[in-house]
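Single-letter residue listing:
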Amino acid sequence: MSYIDSASGASYPDDIARWCGDTGAYLDLAPVPGLRREAIDTGERSIWRYAQAIAVKRSDAVSLGEGCTPLLSRNWQGVPVQFKLEFMMPTGSFKDRGMTVMVSYLKSRGIEHVLEDSSGNAGASLSAYAAAAGMRCRILVPETASYPKIAQIAACGADVVTVRGSRQDVADAALRMSSEIFYASHNWQPFFVEGTKTLAYELWESLGFRAPDNVITPLGYGSNVLGLERGFDELLRNGEITKMPRIFGVQAANCAPCHATWQSGGEVPVPVTVTPTVAEGIASSQPTRLREVVRAVRRSAGAIAAVSEEEIVSALGALARMGFYVEPTCAAAGAGLTQLLASGTIRSDETTVMVLTGSGLKSSERIGQLLNLQPRTL
Ligand SMILES: Cc1ncc(COP(=O)(O)O)c(C=O)c1O
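A quick note: this is a predicted structure, and the numbers were derived from the prediction, not measured.

A.B. asks: What am I meant to see in helix α10 (residues 309–321) here?
C.D. replies: Given 3.6 residues per turn, any residue in an α-helix points the same way as the ones three and four places further on. For α10, with 13 residues, the first-to-last C-alpha span of 19 Å sits near the 18 Å given by 1.5 Å per residue. Residues of α10 that are buried include every one of Glu-309, Ile-312, Val-313, Ala-315, Leu-316, Gly-317 and Leu-319, and no others. Looking one or two residues past α10, Gly-323 carries a phi angle of roughly 100°, positive in sign.

This is the structure in structure tokens:
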């Protein structure tokens, strides 16, 4: 397996862990063969049941039992939808899928101390996997991050540092520290997407070895979008599915750089004005892999939607009343699906998956305010 420099196309062996190329650009991983259904390790109840498709040795795995999340059939706006409960992961968000693979790889290459910036969930996930791997860990988060996420990171033993300013200011601060500690940013390190790709494998297996027609997920830096593309592409190349599902990414209109570029029809990042959003996990104004994300969505014949704060809050309430207690970031997917159904882009006779990426338990205070929840007093 080798890294590929996204700017120069140069390849670097992966026996030494790196987070960027000699050009300073982010790295990709060369394509891997993937697997056919006979190769699933059905006795393993985690993403490592697809170990043969993952570019990290099974014997190196640092696992907390991530993956194998439920897929439930319910209705959304009267239309049948499959809900993928990614918030039922060890640390409460979909990030664990990517983190188990990234940490396993870094540990196998001798990395003992990692640095990451995060809106909260990736930091919580990395701190847990670093603890499981016996690594030291420093996480930078926005000062406005939900407190339960900060507490979760600190409780796992990481050195958590809050940074004043935007999500981008946090990423910039981490970049400045990257000469001191190995920068294990999940948005730069391609082994993270090597893990999120197992979402595609799991959907395929849960649907009886078929691909859905549409998958809809909240979109910030795009690790789920890129993982879905990588995983389904491997299944296509192995003849296990016959078509790529349409991939839909949903951004908060208050911070929608991928949507702006998508709408321009090109891949060159379009500058956007950013204002605060309740969807803290997707408040990413300069996604590292924006071009790749837009390209992946376009190749899949999907789309990138942008939803208002009111639409997010309305979807948050609707999901909670179905029993899906998710965080506001995650509700953006519900708001996006409402739009896509209304415009006729997604039809009721198609198999549509909504990815529920993060637990509401980490954002209860904010959810209480947003939904104006007031218990009655006797
Ligand atoms: C709950 C939740 N959903 C979705 C996302 C977006 O993921 P990505 O930035 O990889 O697109 C995040 C990112 O932090 C998140 O925390």
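A.B. asks: Any chance you could explain the sheet that holds strand β11 (residues 246–252) here in plain terms?
C.D. replies: Sheet strands associate in pairs through backbone hydrogen bonding, adopting either a parallel or an antiparallel arrangement. Read from one edge to the other, the open sheet built from six strands follows the order β4-β5-β13-β10-β11-β12, with strand pairing classed as mixed. In the strand order of this sheet, the two ends are held by β4 (71–76) and β12 (303–307), each with one partner. For this sheet, the mean angle separating the axes of adjacent strands, direction not counted, is 30°. Of the pairings in the sheet, the one linking strand β10 (residues 214–218) to β11 comprises five bridges and is parallel in character.

A.B. asks: Would you mind showing me how to read the pattern of salt bridges here?
C.D. replies: Where side chains of opposite charge bring their charged atoms close, a pairing between them can arise. Here the structure, examined in full by the defined rule, presents 30 salt bridges. Of the charged contacts, one joins Asp-28 and Arg-289 as a salt bridge, the two residues approaching to 2.8 Å between their closest N and O atoms. You can see Asp-28 sitting in strand β3 (residues 27–29) and its partner Arg-289 sitting in the loop between α8 (257–264) and α9 (290–299), a full 261 residues away along the chain. A salt bridge links Glu-205 to Arg-49; its shortest N-O distance comes to 2.8 Å. Separated by 156 residues along the polypeptide, Glu-205 in helix α6 (residues 198–206) and Arg-49 in the loop between β3 and β4 bring together distant segments of the chain. Pair check on accessibility: Glu-205 and Arg-49 agree, each one buried.

A.B. asks: What should I look at first to understand the packing of aromatic side chains in this one?
C.D. replies: Within a pair of aromatic rings, the relevant descriptors are the distance that separates the centres and the angle that separates the planes. As enumerated under the stated definition, the model contains 10 aromatic pairs in all. On the numbers, 6.2 Å between centres and 85° between planes, the contact of Tyr-3 with Tyr-105 is edge-to-face. Taken together, the residues span a long stretch of sequence, with Tyr-3 in strand β1 (residues 2–5) and Tyr-105 in helix α1 (residues 95–108) at a distance of 102 residues. We classify Tyr-105 as buried; its relative accessible area is 1%. Chaining the aromatic ring pairs together yields one cluster made of Tyr-50, Tyr-201, Trp-204 and Phe-209. Geometry around Tyr-12 places Arg-18 over its ring, the cationic atom sitting 3.9 Å from the centre.

A.B. asks: What's the story with the packing of α10 against helix α11 (residues 328–342) in this structure? I'm lost.
C.D. replies: A pair of packed helices can be characterised by two numbers: the angle between their axes and the separation between those axes. At a minimum axis separation of 7 Å, α10 and α11 run at an interaxial angle of 100°. Comparing the axis directions of α10 and α11 gives the class roughly perpendicular. Along its contact with α10, which presents Glu-311, Ile-312, Ala-315, Leu-316 and Leu-319, the element α11 presents Pro-328, Ala-331, Ala-332, Gly-334, Ala-335 and Gln-339. Looking at the contact of α10 with α11 residue by residue, the classes come out as eight nonpolar, two polar and one charged.

A.B. asks: Could you clarify how one ought to interpret the domain arrangement of the protein chain in this entry?
C.D. replies: Interface extent is often summarised as the accessible area lost during association of the parts. What the domain assignment lists for the protein chain is domain 1 (1–30), domain 2 (71–93 + 191–370) and domain 3 (95–183). Spacing between the C-alpha centres of domain 1 and domain 3 amounts to 21 Å. Across the contact, seven residues belong to domain 1 and eight residues belong to domain 3. Summed over both partners, the interface of domain 1 with domain 3 comes to about 580 Å²; 61% of that surface belongs to carbon and sulfur atoms. Considering only the side of domain 1, the residues that lose the most area to domain 3 are Asp-14, Ala-17 and Trp-19, jointly responsible for 82% of the buried surface there.

A.B. asks: Would you mind showing me how to read empty space enclosed by the protein here?
C.D. replies: A water-sized probe, rolled over the atoms, reveals where empty space remains. Scanning the model with the defined rule gives two cavities of 30 Å³ or more in all. Roughly 270 Å³ of internal volume is contained in the largest cavity. In terms of lining residues, the largest cavity is bounded by 24 residues, among which Phe-94, Lys-95, Gly-281, Ile-282 and Thr-329 are the most central. Those elements that place two or more of their residues in the lining of the largest cavity are α2 (121–133) and α7 (223–237). Class assignment for the residues of the lining of the largest cavity results in six nonpolar, 15 polar and three charged. In this structure, the second largest cavity is lined by His-186, Asn-187, Val-193, Tyr-221, Gly-222, Ser-223, Leu-226 and Arg-289. The class makeup of the residues in the lining of the second largest cavity is three nonpolar, four polar and one charged.

A.B. asks: Any chance you could explain the site of the ligand here in plain terms?
C.D. replies: Within the structure, the ligand sits among 16 residues, and Asn-121, Tyr-221, Gly-222, Ser-223 and Thr-357 are positioned closest to it. Separating an oxygen atom of the ligand from a side-chain N or O atom of Lys-95 is a distance of 3.0 Å. Interatomic distance of 3.3 Å between a backbone N/O atom of Gly-281 and an oxygen atom of the ligand. Here the ligand loses 98% of its free accessible area of 390 Å² to cover by the protein chains. Its atoms largely coinciding with the cavity grid, the ligand occupies the largest cavity. Along the lines of polarity and charge, the residues of the shell around the ligand split into five nonpolar, nine polar and two charged. Residue assignment places the shell around the ligand across two domains, with domain 2 (71–93 + 191–370) and domain 3 (95–183) each supplying three or more.

Calculation criteria
Residues numbered from 1 in each chain as written. Predicted model: local features only at pLDDT ≥ 70, side-chain atom pairs only at ≥ 80, totals over all residues. Heavy atoms only, no water. Helix = DSSP H or I, 4+ residues; strand = E, 2+ residues; numbered from the N terminus. Expected span 1.5 Å × (residues − 1). Buried < 20%, exposed > 50% of the residue type's maximum accessible area, 1.4 Å probe, protein only. Pairing = 2+ DSSP bridges. Axes fitted to C-alpha atoms, helices over the stretch in contact; angles between N-to-C directions. Salt bridge = Lys/Arg side-chain N within 4 Å of Asp/Glu carboxyl O. Phe/Tyr/Trp six-rings, centres within 6.5 Å; stacked < 30°, edge-to-face > 60°. Lys NZ or Arg CZ within 6 Å of the ring centre and 35° of its normal. Parallel < 35°, antiparallel > 145°, perpendicular 65-115°, else oblique. Contact = heavy atoms within 4.5 Å. Nonpolar A, V, L, I, M, F, W, Y, C, P; charged D, E, K, R; others polar. Domains from an automatic or database assignment. Buried area = accessible area lost by both parts, 1.4 Å probe. 1 Å grid on protein atoms, 1.4 Å probe; cavity = no way out; pocket = protein on both sides within 12 Å on 5 of 7 lines; lining within 4 Å. Points joined across faces, edges and corners; volume = space filled by probe spheres on them. Near = heavy atom within 4 Å. Polar contact = N/O pair within 3.5 Å; in protein donor to acceptor, adjacent residues only side chain to side chain. Areas by Shrake-Rupley, 256 points an atom, 1.4 Å probe, with all protein chains shown as cover. Sits in = over half its atoms within 2 Å of the grid points.

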